[in-house]
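Chain and residue survey
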Amino acid sequence: MKKILIGLCLALAASAAHAQKFEGLAKTPQMGWNSWNKFACNVNEQMIRETADAMVSSGMKDAGYLYVNIDDCWHGERDAKGFIQAHAEHFPSGMKALADYVHSKGLKLGIYSDAGWKTCGGRPGSRGYEYQDALTFAQWGIDYLKYDWCETQGLKAEGAYLTMREALRKAGRPVLFSLCEWGDNQPWEWGKPVGHSWRTTGDIWDCFDCIVDHGTWKSRGVLQILDLQDGLRVHAGPDHWNDADMMEVGNGGMTVNEDRAHFSIWAMLASPLIAGNDIRNMSKETTAILTNKAVIALNQDALGVQSFRYAARDGVEYWFKPLEGGDWGFMALNRNKDARKIRFDWEAENVKDDLSKRHADFGKMRYKLRNLWTGKSAGNAGKPLAADLPGHDVLVLRLSAY
Ligand code: GLA
(Lines give C-alpha, C1' and ligand atoms only; values in the text may rest on other atoms or scores of the structure.)
Protein backbone atom coordinates (compact mmCIF):
# COMPACT_ATOMS: atom_id res chain seq x y z
CA MET A 1 0.00 0.00 0.00
CA LYS A 2 2.78 2.35 1.06
CA LYS A 3 4.61 1.57 -2.18
CA ILE A 4 1.51 2.26 -4.23
CA LEU A 5 1.03 5.59 -2.49
CA ILE A 6 4.63 6.60 -3.03
CA GLY A 7 4.33 5.56 -6.68
CA LEU A 8 1.16 7.61 -7.04
CA CYS A 9 2.80 10.65 -5.48
CA LEU A 10 5.79 10.34 -7.77
CA ALA A 11 3.56 10.00 -10.82
CA LEU A 12 1.55 13.05 -9.80
CA ALA A 13 4.69 15.07 -9.16
CA ALA A 14 6.09 14.02 -12.53
CA SER A 15 2.92 14.94 -14.37
CA ALA A 16 2.78 18.32 -12.61
CA ALA A 17 6.42 18.98 -13.46
CA HIS A 18 5.77 18.17 -17.10
CA ALA A 19 2.57 20.09 -17.64
CA GLN A 20 2.73 21.45 -21.17
CA LYS A 21 2.31 24.99 -22.35
CA PHE A 22 -1.12 25.66 -23.82
CA GLU A 23 -0.63 24.02 -27.19
CA GLY A 24 -1.95 25.35 -30.46
CA LEU A 25 -2.44 29.03 -29.57
CA ALA A 26 0.08 30.22 -32.17
CA LYS A 27 0.04 27.70 -35.00
CA THR A 28 0.90 30.73 -37.11
CA PRO A 29 2.71 33.77 -35.66
CA GLN A 30 0.48 35.78 -33.38
CA MET A 31 -0.89 39.08 -34.69
CA GLY A 32 -1.97 42.05 -32.65
CA TRP A 33 -1.03 45.42 -31.21
CA ASN A 34 1.06 46.47 -28.22
CA SER A 35 1.13 49.80 -26.40
CA TRP A 36 4.86 50.15 -25.64
CA ASN A 37 6.53 51.48 -28.80
CA LYS A 38 4.18 54.44 -29.09
CA PHE A 39 2.83 55.07 -25.61
CA ALA A 40 5.48 53.69 -23.22
CA CYS A 41 4.07 54.13 -19.69
CA ASN A 42 1.09 56.26 -20.77
CA VAL A 43 -1.51 53.52 -20.78
CA ASN A 44 -5.11 53.77 -19.65
CA GLU A 45 -8.38 51.96 -20.22
CA GLN A 46 -9.88 54.62 -22.49
CA MET A 47 -6.98 54.35 -24.92
CA ILE A 48 -7.12 50.55 -24.87
CA ARG A 49 -10.85 50.59 -25.60
CA GLU A 50 -10.37 53.03 -28.46
CA THR A 51 -7.56 50.87 -29.81
CA ALA A 52 -9.85 47.82 -29.77
CA ASP A 53 -12.45 49.88 -31.65
CA ALA A 54 -9.82 50.97 -34.17
CA MET A 55 -8.62 47.41 -34.65
CA VAL A 56 -12.07 46.67 -36.03
CA SER A 57 -12.77 49.92 -37.93
CA SER A 58 -9.33 50.11 -39.58
CA GLY A 59 -9.69 46.64 -41.10
CA MET A 60 -6.88 45.23 -38.98
CA LYS A 61 -9.11 42.67 -37.30
CA ASP A 62 -10.31 41.58 -40.70
CA ALA A 63 -6.67 41.24 -41.82
CA GLY A 64 -5.97 38.88 -38.91
CA TYR A 65 -4.91 41.01 -35.93
CA LEU A 66 -6.39 39.54 -32.77
CA TYR A 67 -4.54 40.63 -29.62
CA VAL A 68 -4.73 44.03 -27.95
CA ASN A 69 -1.77 44.00 -25.60
CA ILE A 70 -1.13 46.33 -22.70
CA ASP A 71 2.60 46.57 -22.03
CA ASP A 72 4.35 47.89 -18.92
CA CYS A 73 2.95 50.33 -16.35
CA TRP A 74 -0.68 49.23 -16.08
CA HIS A 75 0.06 48.24 -12.48
CA GLY A 76 -1.06 49.62 -9.17
CA GLU A 77 0.21 48.06 -5.94
CA ARG A 78 -0.20 44.59 -4.48
CA ASP A 79 -2.99 44.32 -1.90
CA ALA A 80 -2.47 43.06 1.65
CA LYS A 81 -2.63 39.46 0.46
CA GLY A 82 -0.19 40.08 -2.36
CA PHE A 83 -2.65 40.23 -5.26
CA ILE A 84 -1.67 42.72 -7.94
CA GLN A 85 -4.11 45.56 -8.70
CA ALA A 86 -4.49 47.57 -11.88
CA HIS A 87 -3.67 51.27 -11.50
CA ALA A 88 -6.83 52.69 -9.95
CA GLU A 89 -6.81 56.02 -11.79
CA HIS A 90 -5.71 54.78 -15.19
CA PHE A 91 -7.90 51.68 -15.16
CA PRO A 92 -10.87 52.77 -13.00
CA SER A 93 -13.25 50.14 -14.36
CA GLY A 94 -10.74 47.38 -13.70
CA MET A 95 -9.12 44.83 -15.98
CA LYS A 96 -12.05 42.41 -15.97
CA ALA A 97 -14.36 45.04 -17.47
CA LEU A 98 -11.70 45.96 -20.02
CA ALA A 99 -11.25 42.32 -21.01
CA ASP A 100 -15.03 41.98 -21.37
CA TYR A 101 -15.06 45.00 -23.67
CA VAL A 102 -12.19 43.74 -25.82
CA HIS A 103 -13.80 40.30 -26.01
CA SER A 104 -17.11 41.87 -27.08
CA LYS A 105 -15.27 43.11 -30.19
CA GLY A 106 -14.15 39.58 -31.02
CA LEU A 107 -10.60 40.42 -29.91
CA LYS A 108 -8.35 39.18 -27.12
CA LEU A 109 -6.60 41.06 -24.34
CA GLY A 110 -2.93 40.76 -23.49
CA ILE A 111 -0.99 41.97 -20.50
CA TYR A 112 2.63 42.34 -19.43
CA SER A 113 4.64 41.19 -16.47
CA ASP A 114 8.23 40.46 -15.60
CA ALA A 115 10.10 37.46 -14.22
CA GLY A 116 12.07 39.66 -11.83
CA TRP A 117 11.25 41.67 -8.75
CA LYS A 118 10.37 44.72 -10.80
CA THR A 119 9.34 45.37 -14.37
CA CYS A 120 11.59 47.37 -16.66
CA GLY A 121 9.39 50.39 -15.87
CA GLY A 122 9.90 49.84 -12.13
CA ARG A 123 6.44 48.39 -11.43
CA PRO A 124 5.88 45.22 -9.34
CA GLY A 125 7.32 42.13 -11.03
CA SER A 126 5.99 38.60 -10.69
CA ARG A 127 9.01 37.11 -8.88
CA GLY A 128 7.61 35.19 -5.89
CA TYR A 129 4.03 35.94 -6.99
CA GLU A 130 3.92 33.86 -10.17
CA TYR A 131 0.96 31.67 -9.17
CA GLN A 132 -0.99 34.56 -7.68
CA ASP A 133 -0.43 36.72 -10.76
CA ALA A 134 -1.36 33.93 -13.16
CA LEU A 135 -4.54 33.37 -11.16
CA THR A 136 -5.35 37.08 -11.22
CA PHE A 137 -4.78 37.28 -14.98
CA ALA A 138 -7.06 34.26 -15.50
CA GLN A 139 -9.76 35.84 -13.35
CA TRP A 140 -9.51 39.06 -15.35
CA GLY A 141 -9.90 37.15 -18.62
CA ILE A 142 -6.41 37.80 -19.98
CA ASP A 143 -5.46 35.84 -23.13
CA TYR A 144 -1.81 36.75 -23.69
CA LEU A 145 1.15 37.35 -21.40
CA LYS A 146 4.36 39.10 -22.44
CA TYR A 147 6.88 38.22 -19.75
CA ASP A 148 9.92 40.47 -19.47
CA TRP A 149 13.39 40.00 -18.00
CA CYS A 150 14.32 43.07 -15.92
CA GLU A 151 15.55 42.83 -12.29
CA THR A 152 16.26 39.13 -12.57
CA GLN A 153 19.74 39.07 -11.03
CA GLY A 154 20.60 35.53 -9.96
CA LEU A 155 17.68 33.90 -11.78
CA LYS A 156 18.05 31.26 -14.46
CA ALA A 157 15.99 32.23 -17.48
CA GLU A 158 14.68 28.81 -18.42
CA GLY A 159 13.61 28.07 -14.85
CA ALA A 160 12.01 31.45 -14.35
CA TYR A 161 9.97 31.14 -17.55
CA LEU A 162 9.05 27.54 -16.73
CA THR A 163 7.72 28.65 -13.37
CA MET A 164 5.37 31.10 -15.06
CA ARG A 165 4.37 28.52 -17.65
CA GLU A 166 3.40 26.20 -14.79
CA ALA A 167 1.54 28.98 -13.01
CA LEU A 168 -0.46 29.85 -16.15
CA ARG A 169 -1.25 26.19 -16.69
CA LYS A 170 -2.41 25.84 -13.09
CA ALA A 171 -4.62 28.93 -13.38
CA GLY A 172 -6.35 27.09 -16.21
CA ARG A 173 -7.15 29.83 -18.72
CA PRO A 174 -5.39 29.39 -22.09
CA VAL A 175 -2.82 32.17 -22.37
CA LEU A 176 -0.41 32.76 -25.22
CA PHE A 177 2.96 33.03 -23.50
CA SER A 178 5.36 35.49 -25.12
CA LEU A 179 8.90 35.27 -23.75
CA CYS A 180 10.70 38.62 -23.69
CA GLU A 181 14.21 37.79 -22.59
CA TRP A 182 15.97 39.63 -25.45
CA GLY A 183 17.92 36.58 -26.62
CA ASP A 184 20.43 36.90 -23.75
CA ASN A 185 20.14 33.26 -22.71
CA GLN A 186 19.48 31.68 -26.11
CA PRO A 187 15.73 31.16 -25.56
CA TRP A 188 15.50 29.52 -29.00
CA GLU A 189 17.32 26.54 -27.45
CA TRP A 190 14.88 25.94 -24.59
CA GLY A 191 11.81 28.03 -25.37
CA LYS A 192 9.78 25.63 -27.50
CA PRO A 193 8.10 23.70 -24.67
CA VAL A 194 7.89 26.86 -22.56
CA GLY A 195 6.19 29.52 -24.65
CA HIS A 196 4.78 30.42 -28.05
CA SER A 197 7.45 32.94 -29.04
CA TRP A 198 10.66 34.43 -27.72
CA ARG A 199 12.26 37.77 -28.38
CA THR A 200 15.57 37.26 -30.14
CA THR A 201 17.03 40.73 -29.50
CA GLY A 202 16.96 43.79 -27.31
CA ASP A 203 14.47 46.54 -28.09
CA ILE A 204 13.71 47.89 -31.52
CA TRP A 205 14.28 51.56 -32.35
CA ASP A 206 12.16 53.48 -34.85
CA CYS A 207 14.80 53.66 -37.57
CA PHE A 208 15.76 51.53 -40.52
CA ASP A 209 19.52 51.43 -40.04
CA CYS A 210 20.84 52.65 -36.69
CA ILE A 211 21.98 51.60 -33.25
CA VAL A 212 21.15 53.71 -30.23
CA ASP A 213 23.45 53.22 -27.25
CA HIS A 214 21.76 53.71 -23.86
CA GLY A 215 24.90 52.89 -21.88
CA THR A 216 24.10 49.50 -20.37
CA TRP A 217 21.95 48.45 -23.33
CA LYS A 218 21.37 49.24 -26.97
CA SER A 219 18.31 49.46 -29.16
CA ARG A 220 18.43 48.64 -32.81
CA GLY A 221 16.91 49.53 -36.13
CA VAL A 222 15.24 47.18 -38.57
CA LEU A 223 18.40 46.07 -40.40
CA GLN A 224 20.33 45.49 -37.18
CA ILE A 225 17.51 43.32 -35.82
CA LEU A 226 17.32 41.45 -39.10
CA ASP A 227 21.03 40.64 -38.97
CA LEU A 228 20.69 39.23 -35.47
CA GLN A 229 18.26 36.58 -36.77
CA ASP A 230 21.07 34.77 -38.60
CA GLY A 231 21.11 31.09 -37.77
CA LEU A 232 17.87 31.16 -35.80
CA ARG A 233 15.37 29.93 -38.41
CA VAL A 234 15.99 26.28 -37.56
CA HIS A 235 14.47 26.89 -34.12
CA ALA A 236 11.14 28.37 -35.24
CA GLY A 237 7.95 26.70 -36.33
CA PRO A 238 4.24 26.42 -35.55
CA ASP A 239 3.57 27.38 -31.92
CA HIS A 240 7.20 28.48 -31.27
CA TRP A 241 8.39 31.56 -33.12
CA ASN A 242 11.42 33.82 -33.18
CA ASP A 243 10.06 37.24 -32.20
CA ALA A 244 11.86 40.16 -33.87
CA ASP A 245 10.04 42.63 -31.54
CA MET A 246 6.97 44.79 -31.88
CA MET A 247 6.83 46.83 -35.06
CA GLU A 248 7.49 50.53 -35.56
CA VAL A 249 5.42 50.84 -38.75
CA GLY A 250 3.55 54.15 -38.67
CA ASN A 251 5.51 55.68 -35.79
CA GLY A 252 7.11 58.33 -37.96
CA GLY A 253 10.79 57.46 -37.65
CA MET A 254 10.90 55.81 -41.05
CA THR A 255 9.79 56.67 -44.56
CA VAL A 256 6.92 54.81 -46.19
CA ASN A 257 9.44 52.73 -48.18
CA GLU A 258 11.25 51.81 -44.98
CA ASP A 259 8.03 50.97 -43.15
CA ARG A 260 7.03 48.77 -46.07
CA ALA A 261 10.41 47.03 -46.00
CA HIS A 262 10.20 46.63 -42.20
CA PHE A 263 6.78 44.98 -42.46
CA SER A 264 7.89 42.72 -45.32
CA ILE A 265 10.96 41.60 -43.38
CA TRP A 266 8.87 40.73 -40.31
CA ALA A 267 6.45 38.82 -42.53
CA MET A 268 9.25 36.87 -44.20
CA LEU A 269 10.85 36.12 -40.81
CA ALA A 270 7.60 34.54 -39.61
CA SER A 271 7.89 36.88 -36.64
CA PRO A 272 4.82 37.74 -34.59
CA LEU A 273 3.18 40.77 -36.23
CA ILE A 274 2.49 43.11 -33.36
CA ALA A 275 1.76 46.67 -34.47
CA GLY A 276 3.26 49.32 -32.20
CA ASN A 277 1.73 52.53 -33.51
CA ASP A 278 -1.37 54.57 -32.66
CA ILE A 279 -3.87 52.66 -34.77
CA ARG A 280 -6.61 55.16 -33.87
CA ASN A 281 -4.82 57.70 -36.04
CA MET A 282 -3.14 56.11 -39.01
CA SER A 283 -2.27 57.53 -42.40
CA LYS A 284 -3.68 55.62 -45.32
CA GLU A 285 -0.14 54.48 -46.20
CA THR A 286 0.33 52.97 -42.74
CA THR A 287 -3.08 51.28 -42.87
CA ALA A 288 -2.28 49.88 -46.30
CA ILE A 289 1.01 48.43 -45.05
CA LEU A 290 -0.38 46.87 -41.89
CA THR A 291 -3.40 45.39 -43.64
CA ASN A 292 -1.74 44.02 -46.78
CA LYS A 293 -3.33 40.57 -46.75
CA ALA A 294 -1.05 39.10 -49.39
CA VAL A 295 2.07 39.98 -47.41
CA ILE A 296 0.40 38.85 -44.19
CA ALA A 297 -0.33 35.53 -45.91
CA LEU A 298 3.43 34.96 -46.26
CA ASN A 299 3.78 35.41 -42.51
CA GLN A 300 0.72 33.33 -41.66
CA ASP A 301 1.51 30.49 -44.05
CA ALA A 302 0.61 27.14 -42.50
CA LEU A 303 3.94 25.51 -43.33
CA GLY A 304 5.47 27.79 -40.70
CA VAL A 305 8.98 27.91 -42.15
CA GLN A 306 11.00 31.08 -41.66
CA SER A 307 12.65 32.52 -44.76
CA PHE A 308 16.35 32.36 -45.56
CA ARG A 309 18.79 34.80 -47.16
CA TYR A 310 19.66 33.15 -50.45
CA ALA A 311 22.10 35.73 -51.76
CA ALA A 312 23.44 39.23 -51.15
CA ARG A 313 24.75 41.20 -54.12
CA ASP A 314 25.65 44.87 -54.23
CA GLY A 315 23.84 45.56 -50.95
CA VAL A 316 20.65 43.87 -52.17
CA GLU A 317 19.56 40.71 -50.40
CA TYR A 318 17.41 37.98 -51.92
CA TRP A 319 15.25 36.08 -49.49
CA PHE A 320 13.06 33.01 -50.05
CA LYS A 321 10.30 31.58 -47.87
CA PRO A 322 8.93 28.12 -48.63
CA LEU A 323 5.14 28.13 -48.48
CA GLU A 324 2.50 25.48 -48.19
CA GLY A 325 1.47 23.79 -51.42
CA GLY A 326 4.74 24.47 -53.26
CA ASP A 327 4.60 28.28 -53.46
CA TRP A 328 7.47 30.55 -52.43
CA GLY A 329 7.64 34.00 -50.91
CA PHE A 330 10.44 36.14 -52.39
CA MET A 331 11.87 39.43 -51.16
CA ALA A 332 14.56 41.57 -52.72
CA LEU A 333 15.73 43.98 -50.01
CA ASN A 334 17.76 47.03 -50.94
CA ARG A 335 19.85 47.88 -47.88
CA ASN A 336 21.47 50.80 -49.67
CA LYS A 337 20.20 54.34 -49.17
CA ASP A 338 20.10 54.88 -52.90
CA ALA A 339 18.33 52.99 -55.67
CA ARG A 340 19.64 49.86 -57.35
CA LYS A 341 18.80 48.19 -60.61
CA ILE A 342 18.35 44.53 -59.90
CA ARG A 343 18.37 41.56 -62.19
CA PHE A 344 17.59 38.05 -61.00
CA ASP A 345 17.73 35.27 -63.52
CA TRP A 346 15.65 32.54 -61.89
CA GLU A 347 16.84 29.78 -64.19
CA ALA A 348 20.48 30.54 -63.44
CA GLU A 349 19.90 30.23 -59.69
CA ASN A 350 19.69 27.15 -57.51
CA VAL A 351 17.24 27.83 -54.69
CA LYS A 352 17.25 24.92 -52.24
CA ASP A 353 16.35 24.76 -48.58
CA ASP A 354 17.80 22.00 -46.41
CA LEU A 355 15.45 22.83 -43.54
CA SER A 356 12.20 22.34 -45.44
CA LYS A 357 13.76 20.02 -48.04
CA ARG A 358 12.37 22.19 -50.80
CA HIS A 359 13.90 23.00 -54.15
CA ALA A 360 12.46 25.73 -56.34
CA ASP A 361 14.02 24.13 -59.43
CA PHE A 362 13.34 26.91 -61.92
CA GLY A 363 14.71 24.76 -64.73
CA LYS A 364 11.93 22.20 -64.38
CA MET A 365 9.10 24.02 -62.60
CA ARG A 366 7.07 26.92 -63.94
CA TYR A 367 6.14 29.71 -61.56
CA LYS A 368 3.95 32.72 -62.09
CA LEU A 369 4.86 35.82 -60.10
CA ARG A 370 2.68 38.29 -58.24
CA ASN A 371 3.98 41.56 -56.85
CA LEU A 372 2.44 41.69 -53.38
CA TRP A 373 2.83 45.45 -52.90
CA THR A 374 1.28 46.49 -56.19
CA GLY A 375 -1.10 43.51 -56.27
CA LYS A 376 -0.21 43.01 -59.93
CA SER A 377 1.06 40.08 -61.90
CA ALA A 378 4.80 40.23 -62.50
CA GLY A 379 4.97 37.66 -65.29
CA ASN A 380 6.64 34.33 -64.74
CA ALA A 381 10.00 32.90 -63.75
CA GLY A 382 10.72 31.90 -67.35
CA LYS A 383 12.48 35.20 -67.86
CA PRO A 384 14.84 37.13 -65.58
CA LEU A 385 13.39 39.60 -63.14
CA ALA A 386 14.52 43.15 -63.80
CA ALA A 387 13.50 46.02 -61.55
CA ASP A 388 14.51 49.40 -60.13
CA LEU A 389 14.55 49.16 -56.38
CA PRO A 390 14.46 52.47 -54.45
CA GLY A 391 16.77 52.84 -51.45
CA HIS A 392 15.67 51.06 -48.27
CA ASP A 393 12.83 49.36 -50.09
CA VAL A 394 11.71 45.89 -51.06
CA LEU A 395 10.21 43.99 -53.92
CA VAL A 396 8.05 41.19 -52.59
CA LEU A 397 6.68 38.45 -54.82
CA ARG A 398 4.68 35.30 -54.42
CA LEU A 399 5.81 32.52 -56.75
CA SER A 400 3.07 30.05 -57.56
CA ALA A 401 3.77 26.85 -59.46
CA TYR A 402 1.54 26.28 -62.48
C1 GLA B 1 11.66 45.97 -22.08
C2 GLA B 1 11.00 45.23 -23.23
C3 GLA B 1 10.16 46.20 -24.04
C4 GLA B 1 9.11 46.83 -23.14
C5 GLA B 1 9.75 47.49 -21.95
C6 GLA B 1 8.73 47.94 -20.92
O7 GLA B 1 12.58 46.91 -22.53
O8 GLA B 1 11.96 44.61 -24.04
O9 GLA B 1 9.56 45.55 -25.13
O10 GLA B 1 8.20 45.83 -22.71
O11 GLA B 1 10.67 46.62 -21.29
O12 GLA B 1 9.32 48.55 -19.80
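Above this text sits the structure in question.
Presented here is a report on the structure given in the accompanying data block. (Residues numbered from 1 in each chain as written. Predicted model: local features only at pLDDT ≥ 70, side-chain atom pairs only at ≥ 80, totals over all residues. Heavy atoms only, no water.)

Think of a sheet as strands paired side by side through backbone hydrogen bonds, with each pair either parallel or antiparallel. Reading across from one edge, β13-β14-β15-β22-β19-β20 is the order of the six strands in this open sheet, with antiparallel pairing throughout. Both edges of this open sheet fall to β13 (308-313) and β20 (377-380), since each of them pairs with a single strand only. With direction set aside, neighbouring strand axes in the sheet form an average angle of 20°. As paired strands, strand β19 (residues 367-371) and β20 are joined by two bridges and run antiparallel to one another. Following the sheet pairing, K368 is matched in β20 by N380. Along the sheet, helix α10 (residues 256-268) makes contact with β14 (316-322), β15 (328-334) and β22 (394-401), crossing β15 at roughly 140°. (Pairing = 2+ DSSP bridges. Helix = DSSP H or I, 4+ residues; strand = E, 2+ residues; numbered from the N terminus. Axes fitted to C-alpha atoms, helices over the stretch in contact; angles between N-to-C directions. Contact = heavy atoms within 4.5 Å.)

Relative to the elements of secondary structure, L107 occurs in the loop between α5 (94-104) and β5 (108-114). Aside from chain neighbours lying at most four places away, what touches L107 is A52, M55, V56, K61, Y65, L66, V68 and V102.

For the rest of this paragraph, the subject is the pairing of strand β3 (residues 75-78). Residues in a regular strand project their side chains so that they alternate between the two faces of the sheet. Two elements, β3 and strand β4 (residues 84-86), share two bridges in a ladder whose sense is antiparallel. In the sheet register, R78 faces β4, and the bridge partner there is I84. Counted between consecutive antiparallel strands, the loop separating β3 from β4 contains five residues, among which G82 sits at a positive phi close to 95°.

Near the ligand there are 13 residues, and of these D71, D72, K146, D148 and D203 occur at the shortest range. One of the side-chain nitrogen or oxygen atoms of D148 is found 2.8 Å away from an oxygen atom of the ligand. Contact distances for the ligand include 3.0 Å between an oxygen atom and a side-chain N or O atom of W182. Protein contact buries 94% of the 310 Å² of open area that the ligand shows by itself. Grouping the constituent residues of the shell around the ligand by class yields six nonpolar, one polar and six charged. (Near = heavy atom within 4 Å. Polar contact = N/O pair within 3.5 Å; in protein donor to acceptor, adjacent residues only side chain to side chain. Areas by Shrake-Rupley, 256 points an atom, 1.4 Å probe, with all protein chains shown as cover. Nonpolar A, V, L, I, M, F, W, Y, C, P; charged D, E, K, R; others polar.)

Quick look at the nonpolar core now. Counting 86 residues, the largest nonpolar core has Y65, W74, F263 and L333 as the members making the most contacts within it. Taken domain by domain, the makeup of this core includes at least three residues from each of domain 1 (25-299) and domain 2 (308-401). Among residues more than four places away in sequence, those in contact with Y65 are M31, G32, M55, M60, L107, M247, F263, L273, L290 and I296. The next biggest cluster of nonpolar side chains, apart from the first, holds 22 residues, and it includes V351, A360, F362 and L399. (Core = buried A, V, L, I, M, F, W, Y, C linked by side-chain atoms within 4.5 Å. Buried < 20%, exposed > 50% of the residue type's maximum accessible area, 1.4 Å probe, protein only. Domains from an automatic or database assignment.)

End to end, helix α7 (residues 157-171) covers 21 Å across 15 residues, agreeing with the expected 21 Å (1.5 Å per residue, within 8%). Along α7, the residues classified as buried are A157, A160, Y161, M164, R165, E166, A167 and L168. A positive backbone phi angle near 95° is found at G172, which sits one or two residues after α7. (Expected span 1.5 Å × (residues − 1).)

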